[in-house]
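Coordinate analysis (summary)
Here is how the chains run, residue by residue.
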2 protein chains.
Amino acid sequence: MTTAETKPGTATASLDAIFHPRSVAIAGVSMQQPGFAGVGLGFLLSLMELGFPAVYAVNPKYQEIEGLKCYASVLDIELPVDHVISSVPARIVPRLVEDCIAKGVRSVHFFTAGFRETGDDEMADLETQVVGRLTGAGIRVFGPNCMGLYVPESKLAFMPGFPAESGPVGFISQSGGNAGEMIYTAAVRGIRFSKVVSYGNASDVDESELLSYFARDPKTNVICAYIEGVKDGRRFRQALRDAAAAKPVVVLKGGRTAAGTRAVMSHTASLAGSLAVFDSLCRQLNAVRVNSVEEMADLAVAFRYMSAPAGPGVAVVGGGGGFSVFAADEIDDAGLQCPVLPESTQKALGEINPVAGTSVRNPVDTIAIFEPPKLEQTLRIIGEAENIDVILYHTSFSWGRGRRSMAMLGADPVHYMQMQVQQMVKAREASGTPIVVVLRPPLDVESMERTAAFQEKCWQAGFPVFPTIPRAANAIAKVLRWARSRST
Amino acid sequence: MTTAETKPGTATASLDAIFHPRSVAIAGVSMQQPGFAGVGLGFLLSLMELGFPAVYAVNPKYQEIEGLKCYASVLDIELPVDHVISSVPARIVPRLVEDCIAKGVRSVHFFTAGFRETGDDEMADLETQVVGRLTGAGIRVFGPNCMGLYVPESKLAFMPGFPAESGPVGFISQSGGNAGEMIYTAAVRGIRFSKVVSYGNASDVDESELLSYFARDPKTNVICAYIEGVKDGRRFRQALRDAAAAKPVVVLKGGRTAAGTRAVMSHTASLAGSLAVFDSLCRQLNAVRVNSVEEMADLAVAFRYMSAPAGPGVAVVGGGGGFSVFAADEIDDAGLQCPVLPESTQKALGEINPVAGTSVRNPVDTIAIFEPPKLEQTLRIIGEAENIDVILYHTSFSWGRGRRSMAMLGADPVHYMQMQVQQMVKAREASGTPIVVVLRPPLDVESMERTAAFQEKCWQAGFPVFPTIPRAANAIAKVLRWARSRST
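Structural notes, computed from the coordinates. (Residues numbered from 1 in each chain as written. Chains lettered and ligands numbered in written order. Predicted model: local features only at pLDDT ≥ 70, side-chain atom pairs only at ≥ 80, totals over all residues. Heavy atoms only, no water.)

1. Structural notes on helix H17 (residues 445-460) of chain B
Residue and element names in this part refer to chain B. With 16 residues, H17 extends 23 Å between its outermost C-alpha atoms, agreeing within 8% with the 22 Å of an ideal straight helix rising 1.5 Å per residue. When H17 is considered as a whole, its buried residues turn out to be Ser447, Met448, Thr451, Phe454, Gln455, Cys458 and Trp459. Seen end-on, H17 carries its buried residues on one side only, within an arc spanning 140 degrees. Phi turns positive one or two residues past the end of H17, at Gly462, with a value near 85 degrees. (Helix = DSSP H or I, 4+ residues; strand = E, 2+ residues; numbered from the N terminus. Expected span 1.5 Å × (residues − 1). Buried < 20%, exposed > 50% of the residue type's maximum accessible area, 1.4 Å probe, protein only. Arc of directions from axis to C-beta.)

The following block contains the structure:
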């Protein structure tokens, strides 16, 4: 069974058109809350929020919804419809499918679930039939059982609050929840997406086709993928090879253990397959495998906001002796090094840092950095050391509700933050050494405001930000390993 | 060299008196900001914030500081002084020591650093001399190079914003920074302390004496310890044995690797020793070893807010298919089990949960729980399953800036949260199964407000709260292992 036999019109070009629909209809929009019935409405509100220009609500029960005319059927829509989101129950799907074919739509996304993943043979057959009928008519299918498309450029979104701006990261996710989690959590760290596709049961558009698409997409520089199971191993291998040869690829595999494999089966009816096989494939093709959505976001941040370090030498800079002790251990755990700074560097640091209660060896534990000009000097001197390839600068805005460091800011914390980031930029320019920021998570509302503001200033100035030393060290180590494999 | 020879008056009873001083003088209080000079002021402000009744500022340069009379010397204070905090430079310390002896104080805490940990022989000698002079006069010494005492009952604190209320957790920390981090981060998760001692270079009061004290302290039910190095292995072993026999002991070791060991030496001049030896000691004596301050806070929360589960069977309950897949893997990774729920349980769940897009096997992925009465039913039914020993309920208030779940709350999120916690309490009472809450970290200010409010309601109702499934699973697994070792 080749792709060509089962999928008329599956040339990648067609996916590109599908990512840019001129109009979208949502079947099964309902005003009921809460529960699944509300999600059709969620799609509608998300599209309206991004300002998608031509969205149609379809539900025979309503005349109007959220100020929009509500159509009884897709066929009643006067203008052409490119893309249809199905939020109707599974039993109504066959009727919707015929309407879509008659209307001449290009693509259908089934948010509708309750097919193959239920474990029920009859529902699995229905899935095969429905998808076969659509693809046979040249219509591409996303899902079933997924959240579909987020393409900021096209003003398409599937959850509220997604950023309106595009960016260089492409993401395919077999889980809609993981897609949402990645988009939301990475957004606050400066990650913007070219396209995100939640593809669920992968009955038509699948991980291999999407990887091949992203490998060639000029708007995508980093590819992330959450995959539960792969149906055609050979095809997947080729797609992953193409993608990983073209750009950094970060892969997250669901279902590593027996319990996880069972959960995968319930979730998207996928066969999780062996993690060992998957892992060795990633190693061979130089794709970066990660173990959680958090780690995937970390790698997206690292590939987006830092150049690969020249070597494993890390300097840790910040205030706090206990914290420094852990940092040294954690850098070592990640497979990096935390070398003693050269004598000349220590001497230069000693001139601007009080010796008592600080260390200038590495980790550098000093409070001098709370004065922005000393921060610049400290980072520059360290960045110029010959055994340092990357600086890990750690700070916090929640340390104490009273915030010892914040107490030193004087009247205007925003100005202080700006100065701090400016000094970091100066130090990076002067020494040429990448600086990675570890910004410890806030503990209360006030520190959340300041942490969020500082984080944004950091990534806007091109600094990757991580919440802990181990997460930063892990990302740096993986980028370093990726760069070394690539150059050999 | 026995303890008695070097330490007159070191009976544990004296420590108890020292934890309850009637008056405190701070030598070296300064108005200078920022830098170390400001920290004497930090001690003063922290004591004033908790309302310590008799605090004296000492600095010959000032007449008055923060509205308090400032004394030129400890000897000028008219009333008796029990405890002295030294924030003066190391070179002034010998003079201060003589004043303290003449004044007849009971204890001195040296925040002052720059002694043995500098690696300078002369400064190491000075430390030995100073501490010997004081202990010889029957005066106990904390430090040097530490933050000293936090005893809420006595209104003593060393950083601003520490909770004013006492609680059942005792904590000794060789690092003041780690002590502060633990206090702040655990506070928002419902942890309150009996006493916290930051003991730095441990020249007099050390980890062994403190462990022995906490083993017998009726106000302490859980002991946490951050230790960089131990000087007398035999004495430490006995103290740890006594403590671990009496109550749960959570131990965090600094300096696991070569780089970490070097950082320990710079920090508190401690010999880090072998982690393997330390680890095997903890295993023998049933002390729970952890690897980070975060993990120590997790274990404090687990020992404080949950009874040990009867076995390893975990049910995961929450909304989100991808999240559930990871949860199953992560529970398994932690050495727990995520068993398939019994048929009868699945059937009962099926009656209150829509099947499409959910799973009732385990992990239980359902949005029915967003309606509080269904949450109670779901948790109760699962808690009654014979193969489930603990329920891991996961939720979030940041999922989307738009917050799909929050959209369902209607007008009053506070009321919704109250209902949710009430239903959780009902389910716990009805089924007798412990419930652990995983509350994903907030992404912005609005979700921080809601997350913080919900977290507080949870721990006030006796639920342990963790930010991720792996951290919750790890804490549960360690409590289970601890309970099993204890019962054999």
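2. Thoughts on the pattern of salt bridges
According to the stated counting rule, one finds 43 salt bridges over all chains in the structure shown. Asp298 of chain A is the salt-bridge partner of Arg189 of chain A, the closest N and O atoms lying 2.8 Å from each other. Of the two residues, Arg189 of chain A is situated in the loop between helix H6 (176-187) and strand E10 (193-198) and Asp298 of chain A in helix H11 (residues 293-305); the sequence distance between them amounts to 109 residues. Residues Arg189 of chain A and Asp298 of chain A agree in their burial class; the two are buried. With its nearest N and O atoms 2.9 Å apart, the salt bridge here joins Asp217 of chain B to Lys195 of chain B. Separated by 22 residues along the polypeptide, Asp217 of chain B in the loop between helix H7 (207-216) and strand E11 (222-227) and Lys195 of chain B in strand E10 (residues 193-198) bring together distant segments of the chain. Lys195 of chain B carries the same exposure label as Asp217 of chain B, and that label is buried. Several salt bridges converge on common partners, so that one network encompasses Arg189, Glu294, Asp298 and Arg471 of chain A. (Salt bridge = Lys/Arg side-chain N within 4 Å of Asp/Glu carboxyl O.)

3. A short note on the sheet that holds strand E17 (residues 435-439) of chain B
The strands making up a sheet associate through hydrogen bonds between their backbones, and the pairing can be parallel or antiparallel. Taken together, 5 strands build an open sheet; the order of strands is E15-E14-E16-E17-E18 (chain B) and the sheet is parallel. The two strands at the open ends of the sheet, each matched to only one other strand, are strand E15 (364-365) and strand E18 (465-466) of chain B. (Pairing = 2+ DSSP bridges.)

4. A look at the packing of H7 of chain B against helix H8 (residues 233-246) of chain B
All names here are of chain B. Relative to each other, H7 and H8 sit at 20 degrees, their axes nearing to 8 Å. Compared by their axis directions, H7 and H8 come out roughly parallel. Viewed along their axes, H7 and H8 form a crossing whose handedness is left-handed. Side by side, H7 and H8 meet where Glu207, Ser208, Glu209, Leu211, Ser212 and Ala215 of the first sit next to Arg235, Phe236, Ala239, Leu240, Asp242, Ala243 and Ala246 of the second. (Axes fitted to C-alpha atoms, helices over the stretch in contact; angles between N-to-C directions. Parallel < 35°, antiparallel > 145°, perpendicular 65-115°, else oblique. Left-handed = near helix turned anticlockwise from the far one by under 90°. Contact = heavy atoms within 4.5 Å.)

5. Some words on the sheet that holds strand E13 (residues 288-290) of chain A
Residue and element names in this part refer to chain A. Read from one edge to the other, the open sheet built from 6 strands follows the order E8-E10-E9-E11-E12-E13, with strand pairing classed as mixed. The open sheet terminates on both sides in strands that have one partner only, identified here as strand E8 (148-150) and E13. Taking each pair of neighbouring strands and ignoring which way they run, the sheet shows an average axis angle of 20 degrees. In the sheet, strand E11 (residues 222-227) pairs with strand E12 (residues 249-253) via 5 bridges, with the strands oriented parallel. Of the residues in E12, the one forming a bridge with Cys224 is Val250. Packing against the sheet, H6 makes contact with E8, strand E9 (166-173), E10 and E11, and its axis sits at approximately 155 degrees to E10.

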